[in-house]
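Fold and contact review
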Amino acid sequence: MEDKIKEKIEELRTSLIYYIRNFYNDDIISEKERIEIDLTEIYKFGLIDFVEFIHEHPKEGLKLIEKCYQEAYFSLKNEYPKYIITIKNLPETFKKIKNKNRLLTISDIKSHTIGKLVEFEGIVVTATKIKTVLKKAKFTCSKCGNENITKYIDNPFEIFEEPRCEKCGSDDLILIENECEYMDFQEIKVQQPLDLMDDPEEPPKYITVFLENSPGIYCGRVKITGIPIKIQKNKKIPIYDIYIKGINCEVLDDEIEMELNRDDIENIEKISKLPNVVDLLSDRLIPEIKGHSVVKKAVFLQQIKGVKKGNKRADIHILLITDPGIGKTVILRRISELPGNLYGSVTTASGVGLTAAVVREKTEIGDDTWVIKPGLLVKANKGTACIDELTVNKDLQSYVLEAMESQTIHISKGGINAKLPAECAILAACNPRWGRFDLNISVAEQINIPAPLLSRFDLIFPIRDEPDRAKDKEIAEHIIDIHRAHLDKEINKEIGLEHIEIEGVKVDIEFIIKYIAYARQKNPIISEEAKKLLVNYYLNMRKGTIQVTARQLEAAIRLAEAHAKAKLKDVVDEEDAKEAINIITECLKQIAYDPDTGQFDIDKITGVSKKDRDKMMAVYEIIKKLAEKKDDGLALHEDVVELCEKEGIDEEDVERIIKKLIKNGDIDEPKPGKYRLM
């Protein structure tokens with residue numbers, strides 16, 4: 001067997017040196033220290049035999065690449081390099097699972113893969129900090145002085161046994177530190193992504209990766225190239241655990257990655273030409289919920305995202321404030337089923353569960369060390385974090401705020417200082433404090449969310465349960481039909497629960513996922529016409545006193561871009577700008593409309609509208625004047641009410657404002673019915 005391998009190596013050497021010299025010429029000239037050999041490119045070049053060889057014999061294949069790179073480097077620079085060789089992108093032919101029409105996943109890594117080259121995707125769930133391990137040990141014998149004692153350590157995570165001196169047989173050896181070779185090493189544990197599981201309801205599959213020459217990877221979706229190895233924990237029992245000796249770990253961008261064939265693209269482009277394509281797909285995205293078309297459209301556009309530009313976020317944040325029984329959890333769970341999205345409920349989460357934790361944990365190599373455990377917002381990077389019951393635990397809201405503000409999570413503990421990406425859209429939901437949403441009371445007074453967090457949401461939708469005989473009949477029929485459709489294929493087809501046919505195209509959740517993935521690739525630019533429309537909208541909304549802010553304009557831009565992408569456009573036109581304006585206007589009608597002025601007042605969302613603020617200032621000034629006239633500095637309740645009524649503020653408003661001033665710490669009530677300034 002070894003002779004055959006040697007023959008194969010000699011057979012492949014010349015062509016591989018030629019390939020490296022020609023295709024990695026720039027890396028050699030620039031003396032790049034980390035060389036990533038793309039196996040798919042080698043395969044396309046015609047070196048199929050080499051890829052087959054390295055797939056079956058990865059250790060020998062890696063050594064061959066290293067020697068060939070050395071020779072190619074020497075032929076060009078007349079010296080030997082200092083470098084790290086890694087390999088990536090194993091051709092799909094070698095990753096396909098027979099009879100399953102899919103690529104290899106963590107669940108497929110079993111005994112038949114041990115010792116072969118594999119490549120798979122996973123999500124990092126724990127990661128240690130980078131450590132230095134001995135790769136090549138150089139010893140000198142303390143008895144006979146022999147300095148030519150070398151030991152290569154193939155698996156640094158196994159028990160290290162020092163060699164004996166070949167001359168005298170002594171085991172009293174001294175390590176020569178300055179002649180040893182070391183490498184960076186990291187242990188990570190990865191979970192099989194839900195979208196790659198045959199049955200997402202099954203418990204998730206995990207595997208531990210011993211990553212050599214790691215640059216430091218702590219979170220995200222990764223593609224790992226490595227060799228499955230077996231390690232025996234109990235030497236008395238012939239049972240082994242399977243681990244991965246990681247050769248390369250590439251962080252993926254976490255966006256929906258779909259393999260679209262020509263037919264998929266043709267069908268997507270055909271459907272995109274429908275005038276009502278956005279309404280159609282947004283309704284099909286959440287078919288279980290009847291009505292609420294504006295909310296569905298906003299959530300659909302959230303999945304497509306705006307256009308990322310520098311430090312400008314493309315993600316759209318949405319908050320749903322729903323009366324009980326509307327189906328907020330159904331919406332969140334449905335959206336969380338899309339690849340890259342995650343669901344979490346504040347009722348069962350912790351702060352570090354939302355962001356990231358640094359904890360002491362015993363690793364597979366037996367080391368008690370600090371490890372990073374990414375939380376929901378980090379795992380949902382580039383996707384959507386669906387957060388249910390946001391108002392249940394106020395302490396957790398500060399964790400969400402950091403992710404919404406900077407789209408990063410900073411952690412510093414146990415010698416680990418890392419900035420983890422959390423570029424995700426937030427789709428949050430909660431119930432009003434008193435059970436039902438009241439349009440006459442500010443949003444901040446009805447939900448337990450601080451103003452800084454509330455202001456970060458681009459769209460806030462109160463979804464109210466209002467009695468309407470016609471609508472109630474439709475909803476009741478829809479709910480019953482869904483129950484029937486799960487048991488009767490004919491009814492399922494009739495109501496189109498799982499899919500509908502449009503112009504010969506089957507529109508189901510799989511098609512929508514492909515459509516979103518394709519639409520996200522677009523980067524439309526705002527046209528002059530759309531620019532004028534958005535500018536005029538902004539100016540009109542700020543007539544008179546200051547009403548809306550630049551945040552609403554930014555939200556309108558993101559929505560307009562997402563709408564243009566949804567229609568596969570290269571330019572954001574007037575239609576897209578109008579749709580964005582309509583969605584924001586519909587949202588503001590319910591949460592920021594002041595019937596007294598007939599205008600929108602954004603301050604009403606965060607707690608105090610301009611009208612209320614003016615009344616509060618008036619009541620405060622009246623208390624101040626009355627208190628200054630009194631020797632004891634106390635203003636009487638009756639006098640305050642009397643003067644306020646002269647200013648047009650009724651007694652009910654006065655009572656409410658006084659309570660708010662006391663709560664804010666502007667005044668206090670040392671004696672019943674007597675107030676003083678703080």
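Right above here is the structure, for reference.
Described below are features of the structure shown in this document. Since this is a predicted model, take the numbers as computed values, not measurements.

1. Thoughts on the side chain of Lys297
- When you line up the elements, Lys297 lands in helix H8 (residues 293–304).
- Contact partners of Lys297, with chain neighbours within four places excluded, come to Val278, Asp279, Ser282, Glu579 and Ile583.

2. What about the packing of helix H7 (residues 277–285) against helix H17 (residues 509–520)?
- The contact between H7 and H17 brings their axes to 10 Å, and the two run at 130°. Judged by the angle between their axes, H7 and H17 are oblique. Crossing handedness for the pair H7 and H17: left-handed. Of the residues in H17, those touching H7 at Val277, Leu281, Arg284 and Leu285 are Ile509, Phe511, Ile512 and Tyr515.
- Split by residue class, the contact of H7 with H17 holds seven nonpolar, no polar and one charged.

3. Digging into helix H12 (residues 397–406)
- Within the span of H12, buried status applies to Gln397, Val400, Leu401, Ala403 and Met404. Taken down its axis, H12 places every buried residue within 165° of arc, on the same side.
- A positive backbone phi angle near 55° is found at Gln407, which sits one or two residues after H12.

4. Considering the sheet that holds strand S20 (residues 425–430)
- Strand order in the open sheet formed by five strands is S14-S17-S20-S13-S21, and the pairing between neighbours is parallel. Unpaired on one side and paired on the other, strand S14 (342–345) and strand S21 (459–463) mark the two borders of the sheet. Along the sheet, successive strands turn relative to each other by an average axial angle of 15°, direction set aside.

5. Focus on the pattern of salt bridges
- The tally for this structure, following the rule as stated, stands at 34 salt bridges.
- For Arg13, the salt bridge identified is with Glu71, shortest N-O distance 3.1 Å. Of this pair, Arg13 sits in helix H1 (residues 2–23) while Glu71 sits in helix H5 (residues 58–77), placing them 58 residues apart in sequence.
- With a relative accessible area of 17%, Arg13 lands in the buried category.
- Among the residues examined, Glu71 registers a relative accessible area of 36% and is labelled partly exposed.
- Here Glu36 ties to Arg34 by a salt bridge, and the two come within 3.7 Å at their closest N and O atoms.
- Linked through salt bridges whose partners overlap, the residues forming this network are Lys567, Lys569, Asp573, Glu575 and Asp576.

6. Brief notes about the layout of surface pockets
- Its boundaries defined by the atoms lining it, the second largest pocket holds a volume of some 1,400 Å³.
- If you go around the second largest pocket, you meet 30 residues; those closest to its centre are Lys63, Glu66, Lys135, Tyr152 and Glu181.
- Every element with two or more residues in the lining of the second largest pocket is listed here: H1, H5, strand S2 (84–88), strand S6 (131–141), strand S9 (181–191) and strand S12 (241–251).
- With eight residues, H5 is the single largest residue contributor to the lining of the second largest pocket.
- Grouping the amino acids of the lining of the second largest pocket by side-chain chemistry returns 13 nonpolar, four polar and 13 charged.
- Both domains that furnish three or more residues to the lining of the second largest pocket are identified here as domain 1 (1–94) and domain 2 (118–251).

7. Some points on the sheet that holds strand S30 (residues 674–677)
- Pairing is antiparallel in the open sheet, where three strands are placed in the order S28-S30-S29. What marks the edges here is a single partner per strand, and that holds for strand S28 (635–636) and strand S29 (667–671).
- Where S29 lies against S30, three bridges are found, and the strand directions are antiparallel. Following the sheet pairing, Lys671 is matched in S30 by Lys674.

What counts and what doesn't
Residues numbered from 1 in each chain as written. Predicted model: local features only at pLDDT ≥ 70, side-chain atom pairs only at ≥ 80, totals over all residues. Heavy atoms only, no water. Helix = DSSP H or I, 4+ residues; strand = E, 2+ residues; numbered from the N terminus. Contact = heavy atoms within 4.5 Å. Axes fitted to C-alpha atoms, helices over the stretch in contact; angles between N-to-C directions. Parallel < 35°, antiparallel > 145°, perpendicular 65-115°, else oblique. Left-handed = near helix turned anticlockwise from the far one by under 90°. Nonpolar A, V, L, I, M, F, W, Y, C, P; charged D, E, K, R; others polar. Buried < 20%, exposed > 50% of the residue type's maximum accessible area, 1.4 Å probe, protein only. Arc of directions from axis to C-beta. Pairing = 2+ DSSP bridges. Salt bridge = Lys/Arg side-chain N within 4 Å of Asp/Glu carboxyl O. 1 Å grid on protein atoms, 1.4 Å probe; cavity = no way out; pocket = protein on both sides within 12 Å on 5 of 7 lines; lining within 4 Å. Points joined across faces, edges and corners; volume = space filled by probe spheres on them. Domains from an automatic or database assignment.

Keep in mind these values describe shape, not function.
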